[in-house]
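Chain by chain, the residues:
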Amino acid sequence: MKYKIKIFYLLLICIFAFTCTACVSGVKNINDFYSYKTLTKDNTDKIEVNFDNYTGKTFHFDITDPEEIAEIMDIIFTEKFIKMDKGFFAGGNTYIVIIQGSKSYNVNVSINKNGLNFYKFESNDLQAKIIELARKAGAFNYEENYV
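Definitions and limits used
- Residues numbered from 1 in each chain as written.
- Predicted model: local features only at pLDDT ≥ 70, side-chain atom pairs only at ≥ 80, totals over all residues.
- Heavy atoms only, no water.
- Helix = DSSP H or I, 4+ residues; strand = E, 2+ residues; numbered from the N terminus.
- Expected span 1.5 Å × (residues − 1).
- Buried < 20%, exposed > 50% of the residue type's maximum accessible area, 1.4 Å probe, protein only.
- Contact = heavy atoms within 4.5 Å.
- Polar contact = N/O pair within 3.5 Å; in protein donor to acceptor, adjacent residues only side chain to side chain.
- Pairing = 2+ DSSP bridges.
- Axes fitted to C-alpha atoms, helices over the stretch in contact; angles between N-to-C directions.

J.: What's the story with helix α2 (residues 66-78) in this structure? I'm lost.
T.: Within an α-helix, residues lying three or four positions from one another point in the same direction, as the helix has 3.6 residues per turn. The first and last C-alpha atoms of α2 sit 18 Å apart over 13 residues, in line with the 18 Å expected at 1.5 Å per residue. What α2 keeps buried is the set E68, I69, I72, M73, I75, I76 and F77. For α2, the elements touching its buried residues are β1 (46-52), β2 (58-63), β4 (95-100) and α3 (125-137). With a side-chain oxygen lying 3.1 Å from the backbone nitrogen of E67, the N-terminal cap of α2 falls on D65.

J.: Looking at this structure, how should I read the sheet that holds β1?
T.: In a beta sheet, neighbouring strands are held together by backbone hydrogen bonds and run either parallel or antiparallel to one another. On the basis of which strands lie adjacent, the open sheet formed by four strands has the order β2-β1-β4-β5 and antiparallel pairing. At either end of the open sheet lies a strand with only one pairing partner, and these are β2 and β5 (103-108). Going across the sheet, the axis of each strand differs from the next one's by a mean of 15 degrees, ignoring polarity. Pairing geometry for β1 and β4, over five bridges, is antiparallel. Across the sheet, K46 pairs through a bridge with I99, a residue of β4. Most of the contacts of α3 go to β2, to which it runs at about 100 degrees, and overall it touches β1, β2 and β4.

J.: Is there a simple way to think about the side chain of N50 in this case?
T.: Take N50: it is sitting in strand β1. A polar side-chain atom of N50 sits 2.4 Å from a polar atom in the side chain of H60. Aside from chain neighbours lying at most four places away, what touches N50 is T58, F59, H60, N93, T94, Y95 and V97.

J.: Where do I start with the pairing of β1 in this structure?
T.: Along a regular strand, successive side chains alternate from one face of the sheet to the other. Of all seven residues that make up β1, five are buried, and the element is covered over most of its length. The sheet contact formed by β1 and β2 spans six bridges and is antiparallel. Looking at the pairing, V49 lines up with F61 of β2. Hairpin connection of β1 to β2: five residues between the antiparallel strands, including Y54 at a positive phi of 65 degrees.

Nothing here speaks to function; it is geometry throughout.
Given below as structure tokens:
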């Protein structure tokens, strides 16, 4: 009888531990995303930007300056993520492609998907940095876009 009680308590503890682990799992950092498990903070060769400047056409430019790349990667790796409620999310058409050797990672600057769930960056630091660089690259020179 004591043996059955011990097994029962052991089983109960295992179920409780599994439940607690399942509750805390989720996306907190960039490497928690399945698609970004092998992404590293260092060794980025360049970042390709596909910027939505609200003209109906995507504005493309590359970031190759090592200091700018380091700043962007620092933002990505220090930023936390917040799980979004279920639903349709408008906007968020700007994304970057991080090139690290033969690997590339598509990262939306506002909302990213992991499984069936969507997660947003806790702050808009990455988005603000990309907008700043897009402005310098000429993304808002509408005269050129509408000629």
